[in-house]
Amino acid sequence: MKRILFLMLIFVNFLCYSQNVVEKHLDFNGQDFLYKIRNANFEKCCFLIHGFGDSYSSFENLFSFFDSLKLKTVYFDLQGMGENKSVKSNFSDVLKLINLIFEREKCSQNFAIGHSMGGLILLLATLENSLKFEKILIIEGSISAADFNFFRYLQSQSMENFIQKKRENKGYSAIYSRNLKNSDTTQLRIFARTIYENFETYRNKILTSEVKFLYVFGRNSANLDSRKELGSYKNIDTLSFANSQHWVHWDAFFEFKFFLKNSFFSK
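Residues numbered from 1 in each chain as written. Predicted model: local features only at pLDDT ≥ 70, side-chain atom pairs only at ≥ 80, totals over all residues. Heavy atoms only, no water.

Peer 1: Mind laying out the packing of helix 3 (residues 91-105) against helix 4 (residues 117-129), listing which residues take part and the relevant values?
Peer 2: At a minimum axis distance of 9 Å, the contact between helix 3 and helix 4 shows a crossing angle of 70°. As summarised for this structure, helix 3 and helix 4 are arranged roughly perpendicular, according to the angle between their axes. Packed against helix 3, whose contacting residues are F91, V94, L95, K96, I98 and N99, the element helix 4 presents L120, I121, L124, A125, E128 and N129 at the interface. When its residues are assigned to classes, the contact of helix 3 with helix 4 shows 8 nonpolar, 2 polar and 2 charged. (Axes fitted to C-alpha atoms, helices over the stretch in contact; angles between N-to-C directions. Helix = DSSP H or I, 4+ residues; strand = E, 2+ residues; numbered from the N terminus. Parallel < 35°, antiparallel > 145°, perpendicular 65-115°, else oblique. Contact = heavy atoms within 4.5 Å. Nonpolar A, V, L, I, M, F, W, Y, C, P; charged D, E, K, R; others polar.)

Below you can see the structure in the form of structure tokens.
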């Protein structure tokens, strides 16, 4: 009986999900790029961009919460990753892609959340294309000294070794390991090399810009001083969460949701 109820619950959730999600395609440099939308008819929109070697699964734990806030949610896997593993591009083309999706899907009110490399991409795309967001939140976006060290580290070893590296098999780390193994190594190398070689240029462009954003970090993350220091820039506010590391939105799930509902998405 319990098994039957469990299967029925899965089926009901599947029906709700399938009715709630629209898959869309766009031609990107002659390639088919897939992106998805939840609640296409809502007038308040949130764009989500995941990090290096990851997937939109980074945000899946928030989807039902976003539904409850009546948010149109736009999300996708970046080039060379997940459902878009076969799509190839240079790093600058990613910024053009973000603009294409934004122009297609923007609403009367638009918000954006980027994680890690996705935070860097979000900010650069906003600057390059003058995108208009009510608010921008980046979760440990790749603009601190700790992030430069990460991309420098990637230059010192093969991408295959990084992908196959043994990680803690719990929390989001286990999901991330699977996502890395479902990514195209050549595309990851292109992204890692470009960001490493242009890191200071990208960082300075963001830090000296007029684009205001909130930088969120975990108090158990590496190199905390470099993360806290970002709050000294006039266009950046910082917020930290206890008992969390790189995937703050997983590690501090309930506290993060509370903040989004009562501060980020509120006027």
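After presenting the structure, the write-up continues.
Peer 1: Please give an account of the sheet that holds strand 3 (residues 44-49) that cites residues and values.
Peer 2: In spatial order, the strands read 1-2-4-3-5-6-7-8; together these 8 strands make up an open sheet with mixed pairing. Pairing within the sheet leaves two strands with one partner each, and these edge strands are strand 1 (21-28) and strand 8 (236-241). Neighbour to neighbour, the strand axes of the sheet diverge by 20° on average, direction disregarded. Alignment of strand 5 (residues 109-115) against strand 6 (residues 135-139), held across 5 bridges, turns out to be parallel. Bridge assignment links H115 to a residue of strand 6, and that residue is I139. Helix-sheet contacts for helix 4 involve strand 3, strand 5, strand 6 and strand 7 (213-218), and the interaxial angle to strand 5 is about 140°. (Pairing = 2+ DSSP bridges.)

Peer 1: Give a description of the packing of aromatic side chains that names residues and reports values.
Peer 2: Between two aromatic rings, the relevant description is the distance of the centres plus the angle of the planes. Within the structure shown, the criterion is met by 28 aromatic pairs. Measuring from centroid to centroid gives 5.6 Å for F111 and F264, while their planes differ by 65°, and the two rings are edge-to-face. Highlighted residues: F111 in strand 5 and F264 in helix 11 (residues 253-264), separated in sequence by 153 residues. Overall, F111 belongs to the buried group, its relative accessible area being 1%. Exposure remark for F264: the relative accessible area of 3% places this residue in the buried category. Considering the side-chain rings of F241 and F256, the 5.9 Å spacing of their centres and the 65° angle between planes classify their relative orientation as edge-to-face. Here the residue F241 occupies a position in strand 8, and F256 occupies one in helix 11, the gap between them amounting to 15 residues. For the pair shown, F241 and F256 are each scored as buried. Each member of the aromatic cluster is reached from another via a ring pair, and the members are F65, F66, F111, F264 and F265. (Phe/Tyr/Trp six-rings, centres within 6.5 Å; stacked < 30°, edge-to-face > 60°. Buried < 20%, exposed > 50% of the residue type's maximum accessible area, 1.4 Å probe, protein only.)

Peer 1: Break down the environment of L124 for me, citing the residues and quoting the values.
Peer 2: With respect to the helices and strands, L124 occurs in helix 4. For L124, a relative accessible area of 3% gives the class buried. If we skip the residues at most four places from it in the chain, L124 touches F91, L95, Y202, K205 and I206.

Peer 1: Describe in detail helix 11, supporting the description with residues and values.
Peer 2: Those residues of helix 11 that sit buried are F253, F256, F259, L260 and F264. Taken down its axis, helix 11 places every buried residue within 125° of arc, on the same side. The outward face of helix 11, more than 90 degrees from its buried face, is lined by the exposed residues F254, F258 and K261. Tucked into the core, helix 11 has its buried residues touching helix 2 (63-68), strand 5, strand 6, strand 7, strand 8 and helix 10 (248-251). (Arc of directions from axis to C-beta.)

This is a description of form; function is not addressed.
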